[in-house]
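Residues per chain, in single letters:
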Amino acid sequence: MAAYAQQQLNGLVSNMYREGFLDEQFQQIRALDEGGSPDFLVEVMGLFCTDAERILNELSSLLNQPDVDYKKVDAYVHQLKGSSASVGAQSVKLACMLVRESCDKSDREGCLQALNLAKQRFYELSKRLKIMIQVAFPRVIYLLIFRLICYKSLSSIS
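Since we're looking at a predicted model, the values are computed, not measured.

Colleague: With reference to specific residues and values, describe the overall build of the chain.
Modeller: A count of helices and strands for the chain gives 7 helices and 0 strands. Reading the chain from its N terminus to its C terminus gives the helix and strand order α-α-α-α-α-α-α. In the chain, which comprises 158 residues, the share counted as buried stands at 36%. Summed over its atoms, the accessible surface of the chain is roughly 9300 Å², and 56% of this surface lies on carbon and sulfur atoms.

Colleague: Describe the packing of helix 4 (residues 70-87) against helix 5 (residues 90-104), naming the residues involved and giving the relevant values.
Modeller: When two helices pack together, their arrangement is given by the angle between the helix axes and the distance between those axes. Following both chains from N to C, one finds helix 4 and helix 5 inclined at 160 degrees, their axes separated by 9 Å at the closest point. Considering their axes alone, helix 4 and helix 5 lie roughly antiparallel with respect to each other. Of the two possible hands of crossing, helix 4 and helix 5 adopt the one that is left-handed. Contacts between helix 4 and helix 5 involve Tyr70, Val73, Asp74, Val77, His78, Leu80, Lys81, Ser84 and Ala85 on the former and, on the latter, Val92, Lys93, Cys96, Met97, Val99, Arg100, Cys103 and Asp104.

Colleague: Describe helix 3 (residues 40-63), naming the residues involved and giving the relevant values.
Modeller: Taking 1.5 Å as the rise per residue, helix 3 with 24 residues should run 34 Å; its terminal C-alpha atoms sit 34 Å apart, in good agreement. Among the residues making up helix 3, those that are buried are Leu41, Val42, Met45, Phe48, Cys49, Ala52, Ile55, Leu56, Leu59, Ser60, Leu62 and Leu63.

Colleague: Can you lay out the side chain of Asp23 for me, pointing to particular residues and giving the numbers?
Modeller: Along the chain, Asp23 turns up in the loop between helix 1 (3-18) and helix 2 (24-35). Owing to a relative accessible area of 9%, Asp23 belongs among the buried residues under this scheme.

Colleague: Describe the UniProt feature "modified residue: Phosphohistidine" (unreviewed entry) in the chain, listing the residues and the values that go with them.
Modeller: What UniProt calls "modified residue: Phosphohistidine" (unreviewed entry) maps, in this numbering, to His78. Tracing the backbone shows His78 in helix 4. His78 gets classed as partly exposed once you look at its relative accessible area, which sits at 46%.

Colleague: Describe the packing of aromatic side chains, naming the residues involved and giving the relevant values.
Modeller: In the structure shown here, the tally under the stated rule is 2 aromatic pairs. Ring geometry for Phe122 and Tyr123: centres 5.0 Å apart, planes at 65 degrees, overall edge-to-face. Under the relative-accessibility criterion, Phe122 is labelled buried at 2%. Tyr123 gets classed as partly exposed once you look at its relative accessible area, which sits at 37%. Pairwise contacts between aromatic rings join Phe48, Phe122 and Tyr123 into one cluster.

Conventions adopted
- Residues numbered from 1 in each chain as written.
- Predicted model: local features only at pLDDT ≥ 70, side-chain atom pairs only at ≥ 80, totals over all residues.
- Heavy atoms only, no water.
- Helix = DSSP H or I, 4+ residues; strand = E, 2+ residues; numbered from the N terminus.
- Buried < 20%, exposed > 50% of the residue type's maximum accessible area, 1.4 Å probe, protein only.
- Areas by Shrake-Rupley, 256 points an atom, 1.4 Å probe, with all protein chains shown as cover.
- Axes fitted to C-alpha atoms, helices over the stretch in contact; angles between N-to-C directions.
- Parallel < 35°, antiparallel > 145°, perpendicular 65-115°, else oblique.
- Left-handed = near helix turned anticlockwise from the far one by under 90°.
- Contact = heavy atoms within 4.5 Å.
- Expected span 1.5 Å × (residues − 1).
- UniProt positions renumbered as here; feature names shortened; annotations may be inferred.
- Phe/Tyr/Trp six-rings, centres within 6.5 Å; stacked < 30°, edge-to-face > 60°.

Structure (structure tokens):
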């Protein structure tokens, strides 16, 4: 990676640490990426974002039911908290802890407020990760675009 891009990447990551979006677990994943496949970090964070968005949508649906199943809500929040901790998404993990506290009290309004915070933290983190990936891995972006173009081309043939 070019020196300027590396410097820019380090600045982005430092800001995310300083602002509480990431913790040391993210650095461990980043270290694994540097030692092996250059696309590892992109893949791990992409899977996290896809899964987290699915869970957040499921939680919204559950909390908008007339009779909230708090055990189900807790199970989904536990899953999101665990995956957040696994990738170093500290801000999302901490927001999940707030949802669980409200869930333990069967407090729908508290759950909804904490869930909104979790969503805000997730979408801000996701936005920053996309920027980081564009800076660090421009080759990956081009590969993804190439695959998308090829996929669309093949789909139009069928």
